[in-house]
Amino acid sequence: MANSIAIAMQKERRREVLSPIFALLFFCLLLFFVQGVNAQEDSVKAVDSLSLKVALLQLESDTGYSFFFNEDWIVNKKVPANIQEDGIGPTIDKLLLNTNLNFYILENEKRVILLRNTIIYDELPSYFFGRPDSAISAGNELITEKRIRPTFILKKSEQEKRQFPLTRIGRANTNNLKSSYMLKGKVTNRRTNEAIPDLAIRSKGSGQVVISDENGNYAIELPAGYNIISASAMGIENMEREIVIYNDGILNLLMEEGLQELEEVTVEADAVSNVEETSTGTETINLEESKNIPLVLGERDLLQVAKALPGISSAGEGATGLNVRGGKTDQNLVLLDDAVIYNPTHFFGIFQALNPFTTEGADIYKGSIPVEFGGRLSSVFDIRTKNGNVEKFSGEGSIGPVTGNLALEIPVKKDTSSIIVGGRGAYADWILRALDEESLNKSQASFIDVIAKYHHRFNENSEIRATAYFSRDDFSITSDSLYNYTNRLGSIKWNHRHSEKTTAALLLANSDYRFGIDFDGESNTDFDLNYSINETELKYKLSTRLNDKHDLDYGISTKFYSVNPGSIEPQGNESDIAPVFIDTERAIEGALYLGDEIAVTNKLSLELGLRYAFFAALGSGTQRTYQQGLPRNEDAVRDTISYGSGDVIETYGGPEARLGLRYLFTPDFSVKASFNNAYQFIHTLTNNTTVSPIDTWKLSDLNIEPQTGLQASLGFYKNFNDNMFELSLEGYYKRLDNVLDFKTGADLFLNENVETEVLQGDGKAYGVEFLIKKNRGKFNGWLGYTYSRSFYRFDSPFSEERINGGDFFPSNFDKPHDISLIANYKLTKRYSFSANFVYQTGRPVTFPVATFEFRGSDFVAFSNRNQFRIPDFYRLDLGINMEGNHKKNKLAHSFWTLSVYNVLGRNNPYSVFFVTEEGQVKALQSSIFGIPVPAITYNFKF
């Protein structure tokens, strides 16, 4: 038998090899022939792969057994190498090892029947009618007898109603009979060939739901036998599969995009995540969600959608930056394809600096921040760019009142690689002239942003993504000054799957932010002012699924900072301005981290993480030291220390904990708790009430310590009516140390010794967030309410370093009440109406409370810091959305948006300032949009 199979294998290979290789193989086969003659019993040996069909037919010829099988089952099947077993049974078992086939031998009739997946029992097992309390060993698992009863019979009615070909998973094994088996696989977008994260896979029988990870991998435990599973995600067409599972196995899913059922798919995935995931304070936004929300001047804006969620706000209309759970704007880590973007807004925060047609969405972490992220105290905005279409050329664009936008998706190699390119431009000068502010009537403003992303998929286990981004804003508020600021970033990321259990990502990213002022006055005071910050990051992260109970995330990252604190150069030979250059600041920041998501039981899961953060301020440069027991000012300088290039000025660091818990009371109700602490080694310097594009970033050094913070949160999450409604209630408490503020009258910019102008103190914030969301149906949307407080305290033995007598006082962005309502009504498939309502408590301000005369001069006495508030803010926006017909074969599909921003014409104050006229102090307020602002935008897609 061994000789016949070997000779058959030789005949099959003879047609495929060259004559020198043939001679070598002939010698090997001759050697095997001699060994076979000397063998006492028949055996099967193979040195290479052999067609399974050929091997089975040869066995049939040699042994006299008749084989019965469906040839479709063994197409392209090969015999594994190094077969050496005795007897007909063990030989066949070895031949079928890497297939899903079993066999049954009728010894009396000398027949062999091949079976797909299943097993034939010629007698009932002794445990078939076993007692519930008895137990036997099945493989390595101790299970009760009733749990392994083999009942894999499909009812006729189930076969008749089947919509998909039945999928059989695994090969039944009498030594591994269990009540359930593990199904694993990877989910891929059929069009783009990219992995689909956050896809919900549900077992209709058991009700169990799992979510695919960032690489599209999933694992779900299913009852043995017949199952129906469904899969759904944002923008993906729902899929159902009927499977019969006989053993652990793999099922990869190719998913189709589903634009028509977008809203319903969104609900299922998000609702499941809301209850099932262990993390607290996590929000996921797909940019399609902003499609039907009326926003200023018709622009889709992910950041404006984020502000409509509980716990996220801004200091005011037209203010750049976001405040998350009572934190400062510099406490948010904003990432675009893993690279930091320091100012993600245009035009004083009115527009986002992200192309809506190239942006896929964002994950926002305001509570349980993943262990891989660090360097900020309040939140992480992880913004993702779409991969381009790998099948055909396509594009999307819009034309609005002040902006034009275009994105193109270009296949480079079909089904393998693509490029997506997007560009935006603004023609916004007319809007400045329409603002309710006389000083801005002659102003001008414009911006551009461009982005390109290349995605290449080498194989199922390896891909590379590279992103480049640039944006620039130019604006002139006065006739003699031109302001500009730019963002530039690039990232390249290699994702690789080392094994079925372990995936890895290697990232290299660079970010650069800078601003400048070109001053051209009537006198000889022309100058150029410049500031910049640059960082480069290298990160290597891994994820390992140890088993059904443990999912590990671990890695290392390092970052290098270079900050130009500012410079002034005279413009032209006649300028009287003296040049000023501040020494460049440099530093290294690094971290090691390890996290474990533990499935303790089906109801209880834990997230445990430990991150060690390290920071070193580097030379060259000089640093002052100050005498102890004196206020920090020029009179208290003790020494000035000079550091050479690369010298370590000061180091900081420490451990950061990530703890999370989720208990699932029912499949649609859970309670979660979390705790985390963090270090932040970089700060913004500003003495403006609201954030501006010319705020500067300052690294920690010998005199300015890093900020630290901790946060604890507790939340309850409930879904109703088959996930149609989503309800959450979450409370938090946050503690901050070494937060920065400024002394009264501080001069922060171009100050070589800025530590004499700033203060470091304590902060605290707490609040409750409520969200109710209706995810599908003609009427959908959400209502969010936040009650939150944010306080700071700056205490010192010295009066000049105390604020409000050393007591806690409200921060600039303390707004106790915040209500957001987003509502959409879909009249037909093509027409819908939308509304957006916002109410916020007015933010704190400092008012002058008295005037007095001293030595012949008039002075103003101010209240305590932030003792008063500006009027409350509220705004109503309305919109009508009109889609073109949905014919498939059209050159382009269109979408019109008609919106009115601030329908009520509310004159919401942007800022309050004071002037002295005729010896009296008068309060004035400025507003950004004091009148209704209509807009019409045309969107197209091809």
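Structure first, text after, so check above.
First, a word on what this report is: a plain description of the structure on this page. All figures in this text were calculated on a predicted structure; none of them were measured in a lab.

**Points about the overall build of the protein**
- Along the protein, the regular secondary structure elements total 8 helices and 59 strands.
- In the protein, which comprises 942 residues, the share counted as buried stands at 51%.
- The long-range fraction of contacts in the protein, counting pairs at least 24 apart against all pairs at least 6 apart in sequence, stands at 65%.
- Summed over its atoms, the accessible surface of the protein is roughly 42800 Å², and 54% of this surface lies on carbon and sulfur atoms.

**Overview of unusual backbone geometry**
- With an omega of 10°, the peptide bond running from Gly619 to Ser620 counts as cis.
- Counting through the fold element by element, Ser620 comes out in the loop between β37 (604-618) and β38 (621-626).
- Positive phi is not limited to glycine here, since Asn738 has a value of about 65°.
- With respect to the helices, strands and loops of the structure, Asn738 is situated in strand β45 (residues 725-742).

**Examining helix α3 (residues 52-63)**
- Under the 1.5 Å per step criterion, the end-to-end length of α3 is 16 Å for 12 residues, consistent within 8% with the ideal 16 Å.
- Residues of α3 that are buried include every one of Leu52, Ala55, Leu56, Leu59 and Thr63, and no others. Projected onto a plane normal to the axis of α3, the buried residues spread over an arc of 95° and lie on a single side.
- Looking at the residues trailing α3, positive phi occurs at Gly64, about 85°.

**Quick look at helix α4 (residues 88-95)**
- Along α4, the residues classified as buried are Ile88, Gly89, Thr91, Ile92 and Leu95. Buried residues in α4, looked at end-on, bunch into an arc of 165°, giving them a common side.

**Considering the packing of α3 against α4**
- It is the contact of α3 with α4, at a shortest axis distance of 11 Å, that shows an interaxial angle of 170°. With respect to α4, the axis of α3 lies roughly antiparallel. Residues Leu52, Ala55, Leu56, Leu59 and Thr63 of α3 pack against Ile88, Thr91, Ile92 and Leu95 of α4.
- Within the contact of α3 with α4, the residues separate by chemical class into 7 nonpolar, 2 polar and no charged.

**Re the sheet that holds strand β8 (residues 167-169)**
- Spatial strand order, β8-β14-β13-β10-β11: 5 strands in an open sheet with mixed pairing. Unpaired on one side and paired on the other, β8 and β11 (209-211) mark the two borders of the sheet. Between one strand axis and the next, the sheet turns by 30° as a mean value, whatever way the strands run.
- Of the pairings in the sheet, the one linking strand β13 (residues 225-233) to strand β14 (residues 236-245) comprises 8 bridges and is antiparallel in character. Bridged to Tyr226 within β14 is Val244.

**Examining the environment of Asn227**
- Of note, Asn227 is situated in strand β13.
- Residue classification places Asn227 among the buried residues on the basis of a relative accessible area of 5%.
- Sequence spacing of Asn227 and Ile245 is 18 residues, and the spatial spacing of their C-alpha atoms is 7.6 Å.
- When sequence neighbours within four positions are dropped, the list of residues in contact with Asn227 reads Ser203, Leu222, Arg241, Glu242, Ile243 and Ile245.
- Polar contacts involving the side chain of Asn227 include one to the main-chain carbonyl oxygen of Pro223, which spans 2.9 Å.
- Side-chain polar atoms of Asn227 contact the backbone oxygen of Gly225, separated by 2.9 Å.

**What to know about the pattern of salt bridges**
- Per the stated rule, a full pass over the model turns up 33 salt bridges.
- The salt bridge involving Asp762 is made with Arg793; its shortest N-O contact spans 3.1 Å. Placement of Asp762 in strand β46 (residues 758-774) and of Arg793 in strand β47 (residues 779-793) is noted, with a sequence separation of 31 residues between them.
- What emerges from the salt-bridge pattern is a single network uniting Glu283, Arg325, Lys366, Glu730 and Glu769.

**Observations concerning the sheet that holds strand β2 (residues 66-68)**
- Here we have 3 strands laid out as an open sheet, ordered β2-β5-β4, and mixed in their pairing. With one partner strand each, in any of the chains shown, β2 and β4 (101-106) form the two edges of the open sheet. Each strand of the sheet is rotated relative to its neighbour by a mean of 25°, with strand direction disregarded.
- Its contacts with the sheet place α4 against β2, β4 and β5 (111-116), and it is angled at close to 165° to β4.

Conventions we followed
Residues numbered from 1 in each chain as written. Predicted model: local features only at pLDDT ≥ 70, side-chain atom pairs only at ≥ 80, totals over all residues. Heavy atoms only, no water. Helix = DSSP H or I, 4+ residues; strand = E, 2+ residues; numbered from the N terminus. Buried < 20%, exposed > 50% of the residue type's maximum accessible area, 1.4 Å probe, protein only. Contact = heavy atoms within 4.5 Å. Areas by Shrake-Rupley, 256 points an atom, 1.4 Å probe, with all protein chains shown as cover. Expected span 1.5 Å × (residues − 1). Arc of directions from axis to C-beta. Axes fitted to C-alpha atoms, helices over the stretch in contact; angles between N-to-C directions. Parallel < 35°, antiparallel > 145°, perpendicular 65-115°, else oblique. Nonpolar A, V, L, I, M, F, W, Y, C, P; charged D, E, K, R; others polar. Pairing = 2+ DSSP bridges. Polar contact = N/O pair within 3.5 Å; in protein donor to acceptor, adjacent residues only side chain to side chain. Salt bridge = Lys/Arg side-chain N within 4 Å of Asp/Glu carboxyl O.

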